[in-house]
Amino acid sequence: MDPLAKRMKSTIPAAVRTRRAYFDCRFGQLHVRTAFPTTGGFDEQVTLFCLHADQSSSRAFARFLPEIADVRSVYAPDLPGLGESDPSPSSGVSEAAGAMSDLADDLRLRQIDLLGLHTGGIVAMHLAAARPELVRRLVLVGVSSAEPLPTIRQSALAMRTRLDAADGHAVLKAALPNGKFVDIADYARDLFEAAPLTLSKQIGEFLTG
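The model shown is predicted, which means the values in this text are computed figures rather than measured ones. (Residues numbered from 1 in each chain as written. Predicted model: local features only at pLDDT ≥ 70, side-chain atom pairs only at ≥ 80, totals over all residues. Heavy atoms only, no water.)

Description of the packing of aromatic side chains
With the rule as written, the count across this model stands at six aromatic pairs. Geometrically, the ring pair formed by F23 and Y75 is edge-to-face, given 6.3 Å between the ring centres and 75° between the ring planes. Remark: Y75 occurs in strand β4 (residues 74–77) and F23 occurs in strand β1 (residues 16–25); sequence separation between them is 52 residues. With relative accessibility at 16%, the residue F23 sits in the buried group. By relative accessible area, which is 9% here, Y75 ends up buried. Between F61 and F64, the ring centres sit 6.3 Å apart and the planes meet at 50°, which makes this aromatic pair tilted. The two residues F61 and F64 agree in class, both being buried. Of the aromatic side chains, those joined through ring pairs into one cluster are F23, F36, F49 and Y75. (Phe/Tyr/Trp six-rings, centres within 6.5 Å; stacked < 30°, edge-to-face > 60°. Helix = DSSP H or I, 4+ residues; strand = E, 2+ residues; numbered from the N terminus. Buried < 20%, exposed > 50% of the residue type's maximum accessible area, 1.4 Å probe, protein only.)

Quick notes on the nonpolar core
One finds F49, M125 and L138 to be the most contacted residues of the largest nonpolar core, which totals 38 residues. Contacts of F49, omitting those with residues within four sequence positions, involve Y75, M100, L103, A104, L107, L109, I112, D113, L114 and L115. Core analysis: the next-biggest nonpolar cluster, separate from the first, contains 25 residues, L48, F61, A69 and L157 among them. (Core = buried A, V, L, I, M, F, W, Y, C linked by side-chain atoms within 4.5 Å. Contact = heavy atoms within 4.5 Å.)

Focus on the packing of helix α3 (residues 93–106) against helix α4 (residues 119–130)
The geometry of α3 relative to α4 is characterised by a closest axis approach of 8 Å and an angle of 65° between their N-to-C directions. Considered as vectors, α3 and α4 are oriented roughly perpendicular to each other. At the point where α3 passes α4, the crossing takes the right-handed sense. Seen from α3, the contacting residues are V93, S94, A96, A97, M100 and S101; seen from α4, they are I122, V123, H126 and L127. A per-class count over the contact of α3 with α4 returns seven nonpolar, three polar and no charged. (Axes fitted to C-alpha atoms, helices over the stretch in contact; angles between N-to-C directions. Parallel < 35°, antiparallel > 145°, perpendicular 65-115°, else oblique. Left-handed = near helix turned anticlockwise from the far one by under 90°. Nonpolar A, V, L, I, M, F, W, Y, C, P; charged D, E, K, R; others polar.)

In structure tokens, the structure reads:
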């Protein structure tokens, strides 16, 4: 169980509205989980997109969204071809990044932060490289790659567990000249299900700072 959850009962969910909706993209429709603070939006921080891992869906963030959305609007889409979203032709990372770009445009957002889990982190990096004016900050969790990654100039927080490959982490570090690298506790495979409060606190502090 999330250590922070043992010490306190969160009051955030009561102050957050969660919904599900569909948005258009170049490949059809994206199924998106949303969470919004009930403060009216006047003091909201930068909107956050949460991108899940391959062979998963936005359900991975179901417990996390109400915790991180206390001061910002949050969108967690099913990536193309996963969950309830329409597929792209090749299910490639670049196509997924393009669909996320379409979502930001559909929402008329001038700037976003990105949180990517495993493969979702690589999608986030491709979007950040393609549209640096759109993406402000990135949080990459459990991202590891043996292949070259695009160089990201934005501020980034890379969070890893002992399960992440050391050589893949070296590739990631080379791609993030302005990155901050931290180790996190080894939870179950479903990190954001196991520790939503702890992760929202760590990630929220980085995005706010």
